[in-house]
2 protein chains.
Amino acid sequence: MRKTLYLGSLPIGGGHPIAVQSMTNTKTRDCEATVGQIRRLEEAGCEAVRVAVPAQEDAEALEGIVEQSGIPVIADIHFDHRLALQSLRNGVQGLRLNPGNMKDRKGILDVVEEAAQRDVPIRVGVNAGSVDRSRFPVITPEAMVESALFHIRILEETGFDKIKVSLKSHDVFLTLESYRLFSTLRDYPLHAGITEAGFGISGLMRSAAGLSLLLQEGLADTLRISLTGDPVQEVEAAFALLDALNLRRRGVTLISCPTCGRTEIDLEKMAYLVKEELSTVKEPLTVAVMGCAVNGPGEAADADFGIAGGKKEGLIFVKGKVIGKYPEAELVKRLKDVIMEELRRKR
Amino acid sequence: MRKTLYLGSLPIGGGHPIAVQSMTNTKTRDCEATVGQIRRLEEAGCEAVRVAVPAQEDAEALEGIVEQSGIPVIADIHFDHRLALQSLRNGVQGLRLNPGNMKDRKGILDVVEEAAQRDVPIRVGVNAGSVDRSRFPVITPEAMVESALFHIRILEETGFDKIKVSLKSHDVFLTLESYRLFSTLRDYPLHAGITEAGFGISGLMRSAAGLSLLLQEGLADTLRISLTGDPVQEVEAAFALLDALNLRRRGVTLISCPTCGRTEIDLEKMAYLVKEELSTVKEPLTVAVMGCAVNGPGEAADADFGIAGGKKEGLIFVKGKVIGKYPEAELVKRLKDVIMEELRRKR
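What this report covers is the structure whose coordinates are included nearby. (Residues numbered from 1 in each chain as written. Chains lettered and ligands numbered in written order. Predicted model: local features only at pLDDT ≥ 70, side-chain atom pairs only at ≥ 80, totals over all residues. Heavy atoms only, no water.)

### Brief notes about the nonpolar core
For clarity, the threshold we go by: Within this scheme, the nonpolar core is defined by two criteria: the residues are buried Ala, Val, Leu, Ile, Met, Phe, Trp, Tyr or Cys, and they are joined through side-chain atoms within 4.5 Å. Think of it in three bands: with a 1.4 Å probe and only protein chains considered, a residue is buried below 20% of the maximum accessible area for its type, exposed above 50%, and partly exposed in between. Residue contacts are counted whenever heavy atoms from the two residues lie within 4.5 Å of one another.
Counting residues in hydrophobic clusters, the biggest one holds 166 residues, and the most contacted among them are Leu95 of chain A together with Leu95 of chain B. Once residues lying within four places of it in the same chain are set aside, the contact partners of Leu95 of chain A are Ile74, Ala75, Ile77, Ala84, Ser87, Leu88, Val111, Val120, Pro121, Ile122 and Arg123 of chain A.

### A closer look at the interface of chain A and chain B
Selection criterion: Two parts placed together each lose some accessible area under a 1.4 Å probe, and adding up what both lose gives the buried area. A side-chain nitrogen of Lys or Arg and a carboxyl oxygen of Asp or Glu constitute a salt bridge if their distance falls within 4 Å. In this text, helices come from DSSP runs of H or I with a minimum length of four residues, and strands from runs of E with a minimum of two, each type numbered from the N-terminal end.
At the junction of the two partners, chain A supplies 47 residues and chain B supplies 47 residues. Carbon and sulfur atoms make up 65% of the surface buried where chain A meets chain B, a total of about 4200 Å² over both sides. Per-residue buried area on chain A facing chain B is highest for Phe199, Ile201 and Met205 of chain A; these three make up 17% of the total on that side. Linking chain A with chain B are 2 salt bridges, by the criterion used here. Ionic pairing is found between Arg206 of chain A and Asp243 of chain B, a salt bridge with its closest N-O pair at 3.6 Å. Elements supplying a minimum of two residues to the side of chain A that touches chain B: helix H6 (172–185), helix H7 (200–216), helix H8 (232–244), strand E11 (252–256), helix H9 (267–277) and helix H10 (296–299) of chain A.

### Quick look at unusual backbone geometry
All names here are of chain A. Backbone geometry places Phe79, a non-glycine residue, at a positive phi of 70°. Relative to the helices and strands, Phe79 resides in the loop between strand E5 (73–76) and helix H3 (81–89). Classification of Phe79 by relative accessible area gives partly exposed; the value is 29%. Even without a glycine there, the phi angle at Lys319 is positive, about 50°. Looking at the element boundaries, Lys319 is found in the loop between strand E14 (313–318) and strand E15 (321–327). On the accessibility criterion, Lys319 (51% relative accessible area) is exposed.

### Here we look at the packing of helix H1 (residues 31–43) of chain B against helix H2 (residues 56–68) of chain B
All names here are of chain B. The condition is simple: Orientation is described by lines fitted to C-alpha atoms, with helices fitted over the stretch in contact, and by angles between N-to-C directions that extend from 0 to 180 degrees. By the definition adopted for this analysis, an angle is roughly parallel if under 35 degrees, roughly antiparallel if over 145, roughly perpendicular if from 65 to 115, and oblique otherwise. Here a crossing is called left-handed whenever its near helix is offset anticlockwise from the far helix by less than a right angle, and right-handed whenever the offset is clockwise.
Put simply, H1 and H2 touch, their axes get as near as 9 Å, and they point 30° apart. One finds that H1 runs roughly parallel with respect to H2. For the pair H1 and H2, the sense of crossing is right-handed. For the pair H1 and H2, contact is made by Cys31, Thr34, Val35, Ile38 and Arg39 and by Ala61, Gly64, Ile65 and Gln68, respectively.

### What to know about the relation of the copies chain A and chain B
To keep it simple, the criterion reads: The copies were overlaid with a least-squares fit restricted to C-alpha atoms from residues scoring a pLDDT of at least 70 in each copy.
Between chain A and chain B, the superposition needs a rotation of 180° and an axial shift of 0.0 Å, giving an RMSD of 0.0 Å. Within this description, the copies of the chain are treated as partners about a two-fold rotation axis.

### Examining the sheet that holds strand E11 (residues 252–256) of chain B
Residues and elements named next belong to chain B. Inclusion rule: Any two strands are treated as partners once DSSP identifies two or more bridges connecting them.
As summarised here, the arrangement of the 5 strands in space is E11-E12-E13-E14-E15, forming an open sheet in which the pairing is mixed. Taken across any chain shown, the strands that pair with only one partner, and hence form the sheet edges, are E11 and strand E15 (321–327). Strand-to-strand twist across the sheet, computed as the mean angle between neighbouring axes with direction ignored, equals 20°. Where strand E12 (residues 285–290) lies against strand E13 (residues 305–309), 4 bridges are found, and the strand directions are parallel. Note on E13: the bridge partner recorded for Val287 is Phe305. Helix H9 (residues 267–277) rests against E11, E12 and E13 of the sheet, and its axis sits at about 155° to E12.

Dropping the structure here:
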């Protein structure tokens, strides 16, 4: 069992639910835009958010950002320990920095002291692309891990142990082997991800491939899926992956039957409508959209709610039991009403 | 090692490359639309295509479709053995049908005889949603496998062994356990996939999660990623997944550095442009887009080609060696020229 640490009140590690992170792509110094994006990330279920702090103005903006954010804020810092110090003083709940890369090797001690006093964890984040090629001409899992340990030892020598670690690369198996090896050497919580995953479908598939293998082996305590574009998609993708691997559920999981010769409705369209209508639901729910009123409710008996479309009319069922028959055009709206009423009752 | 069988000249199983399949979503009876979609699938790298054959008109259209398709065509048939017979006579290279579901239990023998004479394989495709709930009230891996064996035995009793098998469900671990169990009992090639995966990002993530685990354990000889919408995306997603797992490569794999304080170009935009410009390349190539002229070529020495952007100008490099310096606005075009010339030389 790996250690638990806390980003604000969010536990990471120690068998707690795998926390979903994302990163803003606004200019951090633009407090309003950054807070706006964080709000949208929160709405999507994001549990901690990283912001880039490349300069003084960005560190200054953190005061307002942390105050307005509903989730822990992590400052991402390279090279300059003063940015880390100011970020801490402005209340960030996490830091991501590699102490060995800080220009002022004494300044890092001030950062660690401040972080320790404030109970703020530090993530050491190694990327294959930034491993020191003069020491490691070929990037192996051993090189990734040694690179992480180089930074970690600087923290450990001060007695600081609120450490999270990531060992990301573009290569799924280099990443997997690096996390495997590291997890045999230290029990710090693991932040999982694939870097430089690429664009669109290929980015999603590469991230999912790498993270599936890490998650299956229990080598992730928190994760970020890095995608180009709107970070809200990163959160949607993360929950979809955790749902697929039966690790966490959020909102509606839709199941629909493979259509067959008996199907007389446009099942895909109806499934899409159901997903759209229920997109604001945060509670985990399984909703079935079945093409056949004869077998549908029985086949989807495991679903919390479902509809079975037929010709001109269809059924609504709850846990496999039919509760009503409605004209086809009303089905989705009726289903939504039934679900919303049930959720209100439970809240 | 599982058996090898052939869809036309395409080998499936026996350690051959994992074949990428898709399925048309046109009306099969609309020969022109179906052939048009198949052409687009071929262009994307699809190696075998399934078409639904729900009725006589669809079976009739297969003659023209098979003639014009550049890849093997697989007829997907339920209930009516006459559709299978006609599909075979019209030249399809594969069938997907579950013999135990055929209404005419004697007719299936004619189908098997015709398939055997024509050397056409049959895929037995079990879906969790269509397992007989009266026999198996709870769908377990054992129920999935027993359901497959029920259909398979009907074929085996005639001496037919050109069999492919799929055991798909919505649940990643039910699917994984079913393939694991089946692979201990028979050595028929495995067609892998996740059904009812859902829409958009969640469909991609669920498919990728399930298939990553199957592929990592060698439990797939051919695969289809089922997505709602344009099936060309299924092929793109399949190759992206196979690439991520180092199993197959097609076209450009893009790597780009994590941007840092030194980056002075819009790296994401440049990476996107490179991907777009090289979208027609079929040969496997790794192309790096790096933000830094100082470290870029060295860090991306493993890439076949790369660019390293700087301020106003940038470098083009081949296997880590710089071959030219160009104004930033020309970089992507110059890179494309270099790559295309190299590919022409090799073709």
